[in-house]
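# Observations on the model geometry
Listed below are the residues making up each chain.
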Amino acid sequence: MDTGYIVSLIAVGIWMIVILSIAIPLNRKYVVKENGKINYKKTTIYLRWNMFDTLTLLVAIYTIICVQILNFLLMSGATIENPYVQFFTNQSQAWVIVTVAYLVSRVSLTLKSIKAHLEDKEDET
């Protein structure tokens, strides 16, 4: 492994520590669990913008910047031997995967929460 890949792996590790240090306490504080399952009727965090959504937006912006820098480097003739190309290639791949995975899970959790709240409203009438 060359220098760019190693530095990129270190950067991904630092980012993941920051993200998990925000996500784990957020999950423990705001997600209501009963018998090990999420109670979507009592959990309202999925129905509003929260700190983790802001962090994910920042990661998405960072990913776009990495892809654009990579594009600029490749168009200027840099090859994979260039440590910057290695770094931005690895960063772009890692954070695209993380951002898409979060988007899919967030949409799923939001839809489950909406469904639980709508069923609750139908029970009242």
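Residues numbered from 1 in each chain as written. Predicted model: local features only at pLDDT ≥ 70, side-chain atom pairs only at ≥ 80, totals over all residues. Heavy atoms only, no water.

Once their charged atoms are close, side chains differing in charge can pair, the charge on each being opposite to the other. Going through the model one piece at a time under the given rule, you end up with two salt bridges. In this structure, E34 engages K42 in a salt bridge whose closest nitrogen and oxygen atoms are separated by 2.7 Å. As a salt-bridge pair, D53 and R106 come within 3.0 Å of each other at their nearest N and O atoms. Of this pair, D53 sits in helix α2 (residues 51–75) while R106 sits in helix α3 (residues 83–124), and the two are 53 residues apart along the sequence. (Salt bridge = Lys/Arg side-chain N within 4 Å of Asp/Glu carboxyl O. Helix = DSSP H or I, 4+ residues; strand = E, 2+ residues; numbered from the N terminus.)

Within the element layout of this structure, N90 appears in helix α3. Residue class for N90 comes out buried when judged on its relative accessible area of 16%. Within the structure, N90 has its side chain in polar contact with the side chain of S8 (distance 3.3 Å). (Buried < 20%, exposed > 50% of the residue type's maximum accessible area, 1.4 Å probe, protein only. Polar contact = N/O pair within 3.5 Å; in protein donor to acceptor, adjacent residues only side chain to side chain.)

Enumeration over the complete set of coordinates arrives at five aromatic pairs. Both rings, one in F52 and one in Y102, keep their centres 4.9 Å apart while their planes meet at 80°; by these two values the pair is edge-to-face. Remark: Y102 occurs in helix α3 and F52 occurs in helix α2; sequence separation between them is 50 residues. Residue Y102 is classed as buried on the basis of its relative accessible area, which comes to 16%. (Phe/Tyr/Trp six-rings, centres within 6.5 Å; stacked < 30°, edge-to-face > 60°.)

With that settled, the discussion passes to the environment of G13. On the secondary structure map, G13 appears in helix α1 (residues 3–30). By relative accessible area, G13 is classed as partly exposed at 30%.

A few words now on the nonpolar core. Generally speaking, soluble globular proteins have nonpolar side chains that are buried together. If you look at the biggest cluster of nonpolar residues, it comprises 14 residues, and the most contacted ones within it are I19, I45, Y46, F52 and W95. Of all the elements in the fold, those that place two or more residues in this core are α1, α2 and α3. Top contributing element to this core by residue count: α1, with four residues. If near-sequence neighbours (up to four positions away) are discounted, I45 is found in contact with L26, Y30, V31, N50 and R106. Counting eight residues, the second-largest nonpolar core is a separate cluster that includes A11, C66, L73 and V85. (Core = buried A, V, L, I, M, F, W, Y, C linked by side-chain atoms within 4.5 Å. Contact = heavy atoms within 4.5 Å.)

With that settled, consider the packing of α1 against α2. Interaxial distance between α1 and α2 falls to 10 Å at its minimum, and their mutual angle equals 160°. By the angle between their axes, α1 is roughly antiparallel relative to α2. Crossing of α1 over α2 shows left-handed handedness. Judged by residue contacts, W15, I19, I22, A23 and L26 of α1 engage M51, F52, L55, V59 and Y62 from α2. Grouping the constituent residues of the contact of α1 with α2 by class yields ten nonpolar, no polar and no charged. (Axes fitted to C-alpha atoms, helices over the stretch in contact; angles between N-to-C directions. Parallel < 35°, antiparallel > 145°, perpendicular 65-115°, else oblique. Left-handed = near helix turned anticlockwise from the far one by under 90°. Nonpolar A, V, L, I, M, F, W, Y, C, P; charged D, E, K, R; others polar.)

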